[in-house]
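Structural overview for review
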Amino acid sequence: MLNKILSGAEEIAIGGHVRPDGDCVGSCIGLYQYIADNYPEKKVTVYLEEIPDSFHFLKDTDKIKSEIPKDKVYDLFICLDCGSLDRLGFSAPLFENAAHTFCVDHHISNNKFAMDNVIVPDASSTSELVYGLLDAMRISKNTAEALYLGMVHDTGVFQYSCTSPDTMRAAAVLMEKGIDAPKIIHDTFYEKTYAQNQILGRSLLESIRFMDGKCIATSVSLKEMEFYGVKPKDLEGIVSQLRNTKDVKVAIFMYEVTANEYKVSLRSDDDVDVSCIAQYFGGGGHKKAAGFTMAGQPLDVLNNVSAQIAAQLKE
């Protein structure tokens, strides 16, 4: 399928969702590397917002563009790990103006907004889906590093329920390319800066439980982020740590993006489908991991979300 999508396209843009995480960065850079290696006649550019520092070990991340050229029209825009057009952020105009569009994604909320789509909600990650589009024999070590990074992050190092035998088989092929898998896992998933550990500790210390201990929540304000010297990219993993709390069914993490506006991340077990809750509030995601943005104070967010959680738990 990839050969057909790429045929006739001389200039190609690749983009992913706002606040790019491991799967977004891994799938975008992995596909970029593959096209650059195997289709040298094509010009490819990746458009993403600022990525976490720990991901810069990937080859060519220094070539990522965070601004779009004026009046540029691409032959093809490939959208990866993005459930809707508005989630593309600053690169959305390039998508809208492109002659052809292609989306690869695993968000259940994706409405197939591109001209051609590969949407598999049950897949572990977009990186695994991208791997499935490639000729494994032509995957370089650099491509393998990127795709492995993406799979590691969206599976929680292969521990989430989305991890399938196919996921493990794909990871094995990537490891056979000579990548340092343990180092990728340690340096990008587990290792934290001192400031990241401080804000994590503060978030856990200030967390509250409610609904008879079934839910746990915490929030970080802009003022607190400034005090600790952290950015949104440094908050990765806090909601997952909250979800590890015994007897908790839903974890809620909120951080302020602008004055009185919060980005809300949800994690759950099998009893609550947080993708439905996120979609209700204009967001999206997966059954056990989703998010949205809401205006107001943290207590306002919790009051609204609690009603949706309670409705599911009563079913």
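This text follows the structure it describes.
In short, a report on the structure. Small disclaimer: the values here were computed from a predicted structure and weren't measured. (Residues numbered from 1 in each chain as written. Predicted model: local features only at pLDDT ≥ 70, side-chain atom pairs only at ≥ 80, totals over all residues. Heavy atoms only, no water.)

Taken as a whole and assessed by the stated rule, the structure comprises twelve salt bridges. Among the ionic pairs, Lys72 bridges to Glu11, the shortest N-O distance being 2.8 Å. With a gap of 61 residues between them, Lys72 in the loop between β2 (43-47) and β3 (76-80) and Glu11 in strand β1 (residues 11-16) connect regions that are remote in the sequence. Taking the relative accessible area as the measure of exposure, Lys72 reaches 23% and is therefore partly exposed. For Lys249, the salt bridge is made with Asp271, and the minimal N-O distance between the two is 2.5 Å. Of this pair, Lys249 sits in the loop between α10 (238-243) and β8 (250-258) while Asp271 sits in the loop between β9 (261-268) and α11 (274-280), and the two are 22 residues apart along the sequence. The exposure class of Lys249 is partly exposed, given its relative accessible area of 22%. Residue class for Asp271 comes out partly exposed when judged on its relative accessible area of 41%. Several salt bridges converge on common partners, so that one network encompasses Glu50, Asp53, Lys231 and Lys233. (Salt bridge = Lys/Arg side-chain N within 4 Å of Asp/Glu carboxyl O. Helix = DSSP H or I, 4+ residues; strand = E, 2+ residues; numbered from the N terminus. Buried < 20%, exposed > 50% of the residue type's maximum accessible area, 1.4 Å probe, protein only.)

One recurring pattern in soluble globular proteins is that nonpolar side chains are buried together. Core analysis: the largest hydrophobic core is formed by 51 residues, its most contacted members being Ile14, Leu31, Ile78 and Tyr148. Once you skip the residues sitting within four places of it in the chain, Ile14 turns out to touch Cys28, Leu31, Tyr32, Ile35, Val44, Thr45, Val46, Tyr47, Phe77, Ile78 and Leu80. If you look at the next biggest cluster of nonpolar residues, it comprises 21 residues, including Met254, Ala290, Met294 and Leu302. (Core = buried A, V, L, I, M, F, W, Y, C linked by side-chain atoms within 4.5 Å. Contact = heavy atoms within 4.5 Å.)

On to the packing of aromatic side chains, then. Each aromatic ring pair is described using two quantities: the centre-to-centre distance and the angle formed by the ring planes. According to the stated counting rule, one finds nine aromatic pairs in the structure shown. Seen in terms of ring centroids, Phe253 and Tyr255 are 6.2 Å apart; in terms of plane orientation they differ by 35°. Their pairing is tilted. The exposure classification of Phe253 matches that of Tyr255, with both residues buried. Here the basic side chain of Lys72 rests over the ring of Tyr74, its NZ or CZ set 5.3 Å away from the ring centre. The lysine or arginine in question, Arg138, covers the ring of Tyr39, its NZ or CZ lying 5.7 Å from the ring centre. (Phe/Tyr/Trp six-rings, centres within 6.5 Å; stacked < 30°, edge-to-face > 60°. Lys NZ or Arg CZ within 6 Å of the ring centre and 35° of its normal.)

Time to look at the environment of Leu48. Considering the arrangement of structural elements, one finds Leu48 in the loop between β2 and β3. Exposure remark for Leu48: the relative accessible area of 1% places this residue in the buried category.

On to the packing of helix α5 (residues 141-154) against helix α7 (residues 181-190), then. The interhelical angle for the contact between α5 and α7, taken along N-to-C directions, is 55°, at an axis separation of 10 Å. On the basis of their axis angle, the class for α5 and α7 is oblique. Note that α5 runs across α7; the crossing there is right-handed. Mapping the contact onto sequence places Glu145, Tyr148, Leu149, Val152 and His153 in α5 and Ala181, Ile184, Ile185, Thr188 and Phe189 in α7. Looking at side-chain class alone, the contact of α5 with α7 contains seven nonpolar, two polar and one charged residues. (Axes fitted to C-alpha atoms, helices over the stretch in contact; angles between N-to-C directions. Parallel < 35°, antiparallel > 145°, perpendicular 65-115°, else oblique. Left-handed = near helix turned anticlockwise from the far one by under 90°. Nonpolar A, V, L, I, M, F, W, Y, C, P; charged D, E, K, R; others polar.)

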